[in-house]
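Below, each chain spelled out in residue letters.
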Amino acid sequence: MNNKLKVLRAMRNWSQAELADRLDVSRQAVNAIETGKYDPSLPLAFKLARLFEMPIEDIFDDGFAGQE
Amino acid sequence: MTNMPKERRAGPGYLWPVAIIMIAGAVAGAFAGYSDGLAETGGQPLPTWAGPVAALVLALAGMALYIRLNREAWAGWSPRKRLYWVTMVASMSLGAGVALTLQVAQGSGDLASDAPLTPATAIIVSVIWVVGMSVASLFYFRAVDDHERHAYYLGSVAGFHAFVIACPVWWVAARASLAPPVGAMALFVLTLAVNLIVYLWFKYR
């Protein structure tokens, strides 16, 4: 699944480690989500949405947006 | 992307704990080598507990110093992260405790051998393992984040498959005199190794 995490993080000038601390996850978790190697659980996706003050679908793209 | 922040790792990092454990292991090896050398030249070998105890003392002292030098970094950690690392260190200590007990009880020789043990040693090691693993697993699952839990589950499934594939094949091969008798520790090590490799791959790739 594609996501804008890297861009959103860069806009705030946070390192992966800083974002990981804010989410209370490991730096490897942030890296894996950013590179698309791991899709976060729903609770973590909501946590990201709250942190960036955006809807989940503005952060993550499953490739089916607008096709329904 | 031109405005990417430079990546850096929060906290003190893993290098020193790994180095401390490796140095402690090397000290235990040096004690064993020295003791063997004494025995070969007709001297009195060192007690079997000397090397493991020296390594344990060195590792504990090194870790205590490491924790003290980095105490400001720990203060900023979340309760989850602290619990995670406490569980990690406790689990490693558990393994070291079992290895030390076995080494002291059986004297020299391979730790994974099938050499006889006294009932007391078997009971002590079993209790440490059962209670320690149960408690450590409980705390581990309360402390991991979902990415690591995912890696752990995949590692566990891979380890399980390694066992269920290898064990019956070895068993029938042994019954047909094509292989030595099934070795519990060999299967244990295989399961653990596959589990660890897959877990590390999914956590750090």
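Residue indices follow the written sequence of each chain, beginning from 1 at its first position. Working convention: letters from A go to chains and numbers from 1 go to ligands, in the order in which they are written. With pLDDT at 70 or above as the cut-off, local features in this predicted model cover only qualifying residues; side-chain atom pairs require 80 or more to be listed or tallied, and sums for whole chains, interfaces and linings still use all residues.

Novice: Account for the overall build of chain A, with residues named and values stated.
Specialist: Secondary structure elements are taken from DSSP: a helix is a run of H or I of four residues or more, a strand is a run of E of two residues or more, and numbering for both begins at the N terminus. Within chain A, the regular secondary structure consists of five helices and two strands. The order of α-helices and β-strands along chain A, N terminus first, is β-α-α-α-α-α-β. In this setup the radius of gyration rests on C-alpha atoms only. A globule is expected at 2.2 Å times the number of residues raised to 0.38. Taken against the 2.2 N^0.38 rule, which gives 11 Å for 68 residues, the C-alpha radius of gyration of chain A at 11 Å falls within 12% of a compact globule. The dimensions of chain A, computed from C-alpha atoms along their principal axes, are 35 × 20 × 20 Å.

Novice: I'd like a rundown of the nonpolar core, residues and numbers included.
Specialist: Residue and element names in this part refer to chain A. L5, L19, A20, V25, A29, V30, A32, I33, Y38, L48 and I59 together form the largest nonpolar core, which totals eleven residues. Taken together, the elements giving at least two residues each to this core come down to helix 2 (16-23) and helix 3 (27-34). Broken down by element, the residue count for this core peaks at four residues, all from helix 3. Under the definition applied here, buried Ala, Val, Leu, Ile, Met, Phe, Trp, Tyr and Cys residues are grouped into a nonpolar core through C-beta atoms within 7 Å. Exposure classification rests on a simple neighbour count of other C-beta atoms within 10 Å of a residue's own: a residue reaching 20 or more is buried, one at 12 or fewer is exposed, and one in between is partly exposed. C-beta atoms are placed from the backbone.

Novice: So what about unusual backbone geometry? Which residues, and what values?
Specialist: Residue and element names in this part refer to chain A. Non-glycine residue D24 carries a positive phi angle of around 60 degrees. Position of D24 among the secondary structure elements: in the loop between helix 2 and helix 3. The residue E53 is not glycine, and still its phi comes out positive at about 55 degrees. For E53, the position within the fold is in the loop between helix 4 (42-52) and helix 5 (56-59).

Novice: Provide a residue-level description of the environment of G132(B), including the pertinent values.
Specialist: Structurally, G132(B) is set in helix 5 (residues 119-143). Placed 38 residues apart in sequence, G132(B) and L94(B) show a C-alpha to C-alpha distance of 6.6 Å.

Novice: Give me the lowdown on the packing of helix 6 (residues 146-175) of chain B against helix 7 (residues 184-204) of chain B, citing residues and values where you can.
Specialist: Residues and elements named next belong to chain B. Angles shown run from 0 to 180 degrees and are taken between the N-to-C directions of axes, each axis being a line fitted to C-alpha atoms and, for helices, limited to the stretch in contact. Taken N-terminus to C-terminus, the directions of helix 6 and helix 7 make an angle of 150 degrees; their axes are 7 Å apart at the nearest point. With respect to helix 7, the axis of helix 6 lies roughly antiparallel. Here the hand of the crossing between helix 6 and helix 7 comes out right-handed. Amino acid classes used here: Ala, Val, Leu, Ile, Met, Phe, Trp, Tyr, Cys and Pro are nonpolar; Asp, Glu, Lys and Arg are charged; the rest, including Gly, are polar. Residue classes in the contact of helix 6 with helix 7 are distributed as 16 nonpolar, six polar and two charged. Each angle receives one of four descriptions, namely roughly parallel if under 35 degrees, roughly antiparallel if over 145, roughly perpendicular if within 65 to 115, and oblique otherwise. Here a crossing is called left-handed whenever its near helix is offset anticlockwise from the far helix by less than a right angle, and right-handed whenever the offset is clockwise.

Novice: So what about the packing of helix 2 of chain A against helix 3 of chain A? Which residues, and what values?
Specialist: All names here are of chain A. Packing of helix 2 against helix 3 leaves a shortest axis separation of 8 Å and a crossing angle of 110 degrees. For the element pair helix 2 / helix 3, the angle class is roughly perpendicular. Contact residues: helix 2 offers Q16, A17, L19 and A20, while helix 3 offers R27, A29, V30 and N31. Looking at the contact of helix 2 with helix 3 residue by residue, the class counts come to five nonpolar, two polar and one charged. Here the contact rule is simple: place C-beta atoms from the backbone, and any two residues whose C-beta atoms are within 7 Å are in contact.

Novice: An account of helix 1 (residues 15-40) of chain B is requested, with residue identities and associated values reported.
Specialist: Residues and elements named next belong to chain B. Residue count minus one, scaled by 1.5 Å, sets the expected span of a helix. The terminal C-alpha atoms of helix 1 lie 37 Å apart, and with 26 residues this matches the ideal 38 Å at 1.5 Å per residue to within 8%. Listed as buried for helix 1 are A24, A28 and F31. Of the surrounding secondary structure, the elements contacted by the buried residues of helix 1 are helix 2 (50-69). Immediately downstream of helix 1, the backbone of G42 shows phi near 85 degrees, a positive value.

Novice: Before we move on, could you go through the confidence of the model for chain B and cite the residues and values that matter?
Specialist: Residues and elements named next belong to chain B. In this model, chain B carries an average pLDDT of 86, and 92% of its residues clear a pLDDT of 70 or more. A residue's pLDDT is the confidence the predictor assigns to it, expressed on a 0 to 100 scale. Mean pLDDT in chain B bottoms out at helix 3 (residues 71-75), which sits at 80, and peaks at helix 6, which reaches 97. Low pLDDT, under 50, characterises residues 1-10; the predicted model gives this stretch 16 contacts beyond four residues in sequence or across chains. In the model output, the complex is listed with pTM 0.76 alongside ipTM 0.87.

Novice: Quick rundown of the environment of P55(A)? Include the residues and the values.
Specialist: Residue and element names in this part refer to chain A. Here P55 shows up in the loop between helix 4 and helix 5. Among the residues examined, P55 registers 9 C-beta atoms within 10 Å and is labelled exposed. Put simply, P55 and A45 are ten residues apart on the chain and 9.6 Å apart in space, counted from C-alpha to C-alpha.

Novice: Could you give an account of helix 2 of chain B, with specific residues and numbers?
Specialist: Residues and elements named next belong to chain B. In a regular helix each residue adds 1.5 Å, so 20 residues correspond to 28 Å; helix 2 covers 28 Å between its end C-alpha atoms and thus fits that length. Regarding helix 2, the residues found buried are G51, P52, A55 and A59. What you see down the axis of helix 2 is that its buried residues fit within an arc of 90 degrees, all on one side. Set apart from the buried face of helix 2 by more than 90 degrees, the exposed residues are V57, A61, A64, L65 and R68. Residues of helix 2 that are buried make contact with helix 1 and helix 4 (79-106). Working definition: the arc comes from the directions between the helix axis and the C-beta atoms, pointing outward to the latter.

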